Amino acid sequence: MKTVAILGASGYVGGELLRLLLFHKELEVVKVFSKNYVGKPVHEAHPHLRGFYKNLKFEDLSLDSILKADIVFNALPHLVGMHLTAQLHEHGVTIVDLSADFRLKKAELYKTWYGIEHPYPDLLEKFVYSLPEINRESIKGKKLLSIPGCNSTAAILAIAPLFTTDIVKNELVIADVKVGSSESGRTPYEGSHHPEREGSLRPYSPEGHRHQAEVEMILSELRKTTVNVSLVPHATSAVRGSLASVHVLANKDVSEKDLWIIYARFYRESPFIRIVYSSKIKVPDTKNVVGSNFADISFSKDKTTNRVTGFAAIDNLVKGAAGQAIQALNIALGLREDEGLLIPPLKPS
Ligand SMILES: NC(=O)c1ccc[n+]([C@@H]2O[C@H](COP(=O)([O-])OP(=O)(O)OC[C@H]3O[C@@H](n4cnc5c(N)ncnc54)[C@H](OP(=O)(O)O)[C@@H]3O)[C@@H](O)[C@H]2O)c1
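The notes below deal with the structure included here. (Residues numbered from 1 in each chain as written. Predicted model: local features only at pLDDT ≥ 70, side-chain atom pairs only at ≥ 80, totals over all residues.)

## Some points on the overall build of the chain
Point 1. The secondary structure content of the chain amounts to 12 helices and 14 strands.
Point 2. Its C-alpha atoms give the chain a radius of gyration of 20 Å, within 12% of the compact-globule value 20 Å for 349 residues.
Point 3. Here the C-alpha coordinates of the chain stretch approximately 60 × 45 × 40 Å along the principal axes.
Point 4. Counting only residues that meet the buried cut, the chain has 47% of its 349 residues in that class.
Point 5. Counted over contacts in the chain with a minimum sequence separation of 6, partners at least 24 positions apart contribute 70%. (Helix = DSSP H or I, 4+ residues; strand = E, 2+ residues; numbered from the N terminus. Rg over C-alpha atoms; globule rule 2.2 N^0.38 Å. Buried ≥ 20, exposed ≤ 12 C-beta atoms within 10 Å, placed from the backbone. Contact = placed C-beta atoms within 7 Å.)

What follows is the structure, given as structure tokens:
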């Protein structure tokens, strides 16, 4: 049994880590950290977990206390835990980072997308961008895992199989993502506050959304040349769920059967990918994945324009965050990839 500390354990992602890790046979949460809940029991922040974790209380962030655990999940906002991560690395701890602090490979990209001079360019090289369906092999045995963003996860999974073939043009990929309000974390601000969001459907960050950089990075790696991506997220009033519709143009005639073969081959070793392609249902729905680590995926081909669209529906807090983090850690530790994660979605949700 390995021991786990969660930084940002009182947040939404922290809460999902706590919920999911209850089912894990090889990991035990022994430390939980927060700022506003210090000294309080877990159920003060997460009333749905009342009765579990009876002996745990939130602590103030402290290196000595974090080092009591073998593995650290960082579920803090971007930049808050960056220096701590560097210190933890010096102590040889396994770090699963859910923030964006170490996702991009090149320091100059942090200047472009996050407006910061990255203080640890050497560490960027060491972190593995951990999207198991794309780079399972490179995660094995690693101690520094950077977990993709939720919108990036959905967008990449929707279209990645096509970027291992030559059937699409790669001049421009258009990623349209719809995402629920829990994406913004539990502290409300004007755009995420319930009265502002309920009943609303609107785009945000129509240019320069940070997750675009991750999608470009991964699709370019798969295609072995520069791929330009344009990603526009849309805020929905659902609490959970991220749905990506990613459009490309085919440069040759391709049938839906060809697409089915490409997707099925690409994801054949992936226990959390469900290809949704039957005579009755041909597109995924976030309603069918909520609460689970599954990504429901499909595709369509428009004959008149030669457009091909890949679709992916995930729960942003599970496959888009906590579940994916545990999945990646399982692979890194040499455990079953689905250990602790075979939990069916909620329906109705
Ligand atoms: N939400 C999603 O769908 C999603 C998906 C993928 C990745 N992520 C990433 O996961 C991370 C957590 O997201 P979230 O949605 O869980 O955010 P959240 O609900 O706002 O939680 C943030 C957590 O960080 C703690 N925190 C903030 N500032 C702190 C400080 N200075 N010192 C100590 N603790 C501090 C908060 O503690 P208090 O309770 O004391 O404030 C809380 O536990 C972020 O980096 C986010 O980008 C989120």
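## Brief notes about the pairing of strand β4 (residues 71-74)
Point 1. Covered by surrounding structure in β4 are I71 and F73 together with V72 and N74, the residues of both alternating faces.
Point 2. When strand β1 (residues 2-7) meets β4, the two strands line up parallel, connected through 4 bridges. Paired with V4 across the two strands is I71, which belongs to β4.
Point 3. As paired elements, β4 and strand β5 (residues 94-97) share 4 bridges and run parallel to each other. Across the sheet, the residue bridging to N74 is D97, located in β5.
Point 4. In the classification by handedness, the crossover that spans β4, the intervening helix α4 (residues 82-90) and the parallel β5 is right-handed. (Pairing = 2+ DSSP bridges. Right-handed = clockwise from strand over helix to strand, strands pointing away.)

## Here's the deal with the nonpolar core
Generally speaking, nonpolar side chains in soluble globular proteins are found buried as a group.
Point 1. Counting residues in hydrophobic clusters, the biggest one holds 97 residues, and the most contacted among them are I6 and A155.
Point 2. Looking at which element gives the most residues to this core, the answer is helix α12 (residues 318-333), with 10 residues.
Point 3. If you count residues domain by domain, this core takes at least three from each of domain 1 (2-148 + 319-333) and domain 2 (151-316).
Point 4. Contact partners of I6, with chain neighbours within four places excluded, come to G14, L17, L18, V29, V32, F33, F73 and A75. (Core = buried A, V, L, I, M, F, W, Y, C linked by C-beta atoms within 7 Å. Domains from an automatic or database assignment.)

## Examining the pairing of strand β8 (residues 173-179)
A regular strand carries its side chains on alternate faces of the sheet.
Point 1. Along β8, 5 of the 7 residues are buried, which leaves the element largely enclosed by surrounding structure.
Point 2. Sheet analysis places β8 next to strand β10 (residues 229-235), joined by 7 bridges and oriented parallel. Bridge assignment links A175 to a residue of β10, and that residue is L231.
Point 3. Bridging between β8 and strand β11 (residues 242-249) involves 6 bridges; their strand directions are antiparallel.

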